[in-house]
Structure formats: structure tokens, C-alpha cells
Amino acid sequence: MQDLVSVTGMVLKCEPVGEYDRRVIILTKERGKISCFAKGARKINNRFMASTNPFVFGKFLLYEGRNSYSVNEIEVSNYFEQLREDFDGALYGMYFLEVMDYYTRENNDETEFLKLLYQSIKALISPKFDNKLVRYIFEIKAIAINGEYPGLPDINIDYNDSTEYTVNYIVNSSIEKLYTFAVSSEVLGDLKYISNHLMKRFTDKTFKSLEMIIE
């Protein structure tokens, strides 16, 4: 008899399997990034059709097999439906999902990454924040969580005090306090160069969603 496990997480991506099923990648609090199968999820009116889409956050009750998981029940807390009506926001969101898929692993403690992803998606759907600022905060914090932040890079920028303060705040603050501020256009420009430099240095992947974002 298969064991049932309960996890809390967000769907990073899904892909078709066979005629009607889906393979779903979920970033979870309890077991890191896991892959599971949702039987019949591509059938019209199937109970898993909407709840196995990217951005869905909630509790997933899974059968744990020897080599994989299968979906039994899903209790959705947030579909983040606002992104369906915001093309630019959805692109940024898909980029965040791609970055998390790149960084996270199964059976690792990925709690901080899950929290960062959730808070960043919330910031994207809020009218209070510029999507570009959300992106740069997300990128810098992701690098810091992964233990790779080397300090302000030497890239021929004359950093002002506000830029240094902002980057230090992003790196050292709790995730719950990340999206609580705005910056000047000058600082935003500095953050762009800093985050772009860091992402090129510490990732070796081309992110498809990022190629579609125009800034």
C-alpha cells in the first residue's frame, strides 16, 4: 500500500504525459523540489486541471511510490489569477519559477527559496511595486540565499550610499521585509547592473522567460 504525504508548496511547471496526464514540478517546504504525476489532469473538467498549473500555491496530498509521487488531493490557497490578466507580470513570474527550478533540489531544505518565491509573486501582482525592482530584489536575494553573494561587484559603477544601503538591506533582511520600499531611478539603474552581473556570474543557464522581458 502506498504511503500518503502532505506537502505545502508552489507549482513550478507542468508538462503533458501520455494522453491525459501531467507531470508536475512542485517546490515544497517539506521535501524541496519534487516531481509528481497528476492522473487525468488534462481532461476537461478534471479536478486537477486548474490546480496543477504554474503559480498554484497550496497543500498537496501525494501518494509516495518507490520512485515517484502521484497526486491524491490538492487544497489550493492561491491561484495568483491576477497574472492571467497581466502579460508582463506573468513573464516575470515565469522567470522566477525558472530560477527556482534551476536552484532547488529534491530533499533539500528549500524553505527560504519557497518563501522568496511566494513573496515575490505577491509583489508582482501588487500595484505598489515596479516589476523591475521586484526582479532585482528577487535575483540578489536568491544569490544570497544560495550562499554565493560576494559583496558589491566591481563593475565600474560609482555606488552611492543609497545603493549600498539598499543592496545590504536586500541581502541581510528577512524575506517578509523585502518588499517594503521604493527606490530612486538612479538606484534602480544600479540594481539592474548589479543583479545582471551577479546572475551572469553565478548561473550557467539561459532562462527562456527572461529573453521575452523587455526593460
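Source: prediction; values computed, not measured.

## Quick notes on helix α5 (residues 185-202)
Here comes step 1: Helix length check: α5 (18 residues) gives 26 Å between terminal C-alpha atoms against 26 Å at 1.5 Å per residue, within 8%.
Here comes step 2: Tucked inside the fold, the buried residues of α5 contact α1 (87-103), α3 (131-145) and α4 (161-172).

## Quick look at the sheet that holds strand β5 (residues 69-78)
Here comes step 1: A barrel is described by the order of its strands in space; here 5 strands give the closed sequence β1-β2-β3-β5-β4, paired in mixed fashion. Taken pair by pair, the neighbouring strands of this sheet meet at an average axis angle of 50 degrees, ignoring direction.
Here comes step 2: In this sheet, strand β3 (residues 32-38) lies alongside strand β2 (residues 21-28) in antiparallel orientation, the contact comprising 7 bridges. The residue of β3 that forms the bridge with Arg-23 is Phe-37.
Here comes step 3: Helix-sheet contacts for α1 involve β1 (3-17), β2 and β3, and the interaxial angle to β1 is about 120 degrees.
Here comes step 4: Across the sheet, helix α2 (residues 111-124) touches β1, β2, β4 (57-64) and β5, and the angle it forms with β1 is around 60 degrees.

## Looking at the nonpolar core
For soluble globular proteins, the rule of thumb is that nonpolar side chains tend to be buried together.
Here comes step 1: Membership of the largest hydrophobic core comes to 50 residues, with the highest contact counts inside it found for Met-100, Leu-117, Ile-121 and Tyr-179.
Here comes step 2: At the level of elements, β1, β2, α1, α2, α3, α4 and α5 are the ones that each hand at least two residues to this core.
Here comes step 3: With 9 residues, the single largest contributor to this core is α1.
Here comes step 4: Excluding residues within four positions of it along the chain, Tyr-179 makes contact with Leu-116, Gln-119, Ser-120, Ala-123, Phe-129, Val-134, Ile-137 and Phe-138.

## Overview of the pattern of salt bridges
Here comes step 1: In total, this model carries 9 salt bridges according to the counting rule given.
Here comes step 2: In this structure, Glu-15 and Arg-23 form a salt bridge, with 2.7 Å as the shortest nitrogen-oxygen distance.
Here comes step 3: Under the relative-accessibility criterion, Arg-23 is labelled partly exposed at 26%.
Here comes step 4: Residues Lys-115 and Glu-112 are paired through a salt bridge, measuring 3.2 Å at the closest nitrogen-oxygen approach.

## Quick look at the environment of Thr-203
Here comes step 1: With respect to the helices and strands, Thr-203 occurs in the loop between α5 and α6 (208-212).
Here comes step 2: Not counting residues up to four positions away in its chain, the partners in contact with Thr-203 are Tyr-102 and Tyr-103.
Here comes step 3: Reaching out from Thr-203, the side chain makes a polar contact with the backbone oxygen of Met-199 at a distance of 2.4 Å.

## Describing the packing of aromatic side chains
Here comes step 1: Enumeration over the complete set of coordinates arrives at 11 aromatic pairs.
Here comes step 2: Taken together, a centroid distance of 6.1 Å and an interplanar angle of 50 degrees make the contact between Tyr-95 and Phe-96 tilted. Each of the two residues, Tyr-95 as well as Phe-96, counts as buried.
Here comes step 3: Plain terms: the ring middles of Phe-129 and Tyr-179 are 6.1 Å apart, the flat faces sit at 65 degrees to each other, and that makes the pair edge-to-face. Here the residue Phe-129 occupies a position in the loop between α2 and α3, and Tyr-179 occupies one in the loop between α4 and α5, the gap between them amounting to 50 residues. Each member of the pair, Phe-129 as well as Tyr-179, is classed as buried.
Here comes step 4: Feature note: the residues Tyr-95, Phe-96, Tyr-102, Tyr-103, Phe-113, Phe-138 and Phe-207 constitute an aromatic cluster, connected by ring pairs.
Here comes step 5: Here the guanidinium or amino end of Lys-43 rests over the ring plane of Tyr-20, the centre of that ring lying 4.9 Å away.

What counts and how
Residues numbered from 1 in each chain as written. Predicted model: local features only at pLDDT ≥ 70, side-chain atom pairs only at ≥ 80, totals over all residues. Heavy atoms only, no water. Helix = DSSP H or I, 4+ residues; strand = E, 2+ residues; numbered from the N terminus. Expected span 1.5 Å × (residues − 1). Contact = heavy atoms within 4.5 Å. Pairing = 2+ DSSP bridges. Axes fitted to C-alpha atoms, helices over the stretch in contact; angles between N-to-C directions. Core = buried A, V, L, I, M, F, W, Y, C linked by side-chain atoms within 4.5 Å. Buried < 20%, exposed > 50% of the residue type's maximum accessible area, 1.4 Å probe, protein only. Salt bridge = Lys/Arg side-chain N within 4 Å of Asp/Glu carboxyl O. Polar contact = N/O pair within 3.5 Å; in protein donor to acceptor, adjacent residues only side chain to side chain. Phe/Tyr/Trp six-rings, centres within 6.5 Å; stacked < 30°, edge-to-face > 60°. Lys NZ or Arg CZ within 6 Å of the ring centre and 35° of its normal.

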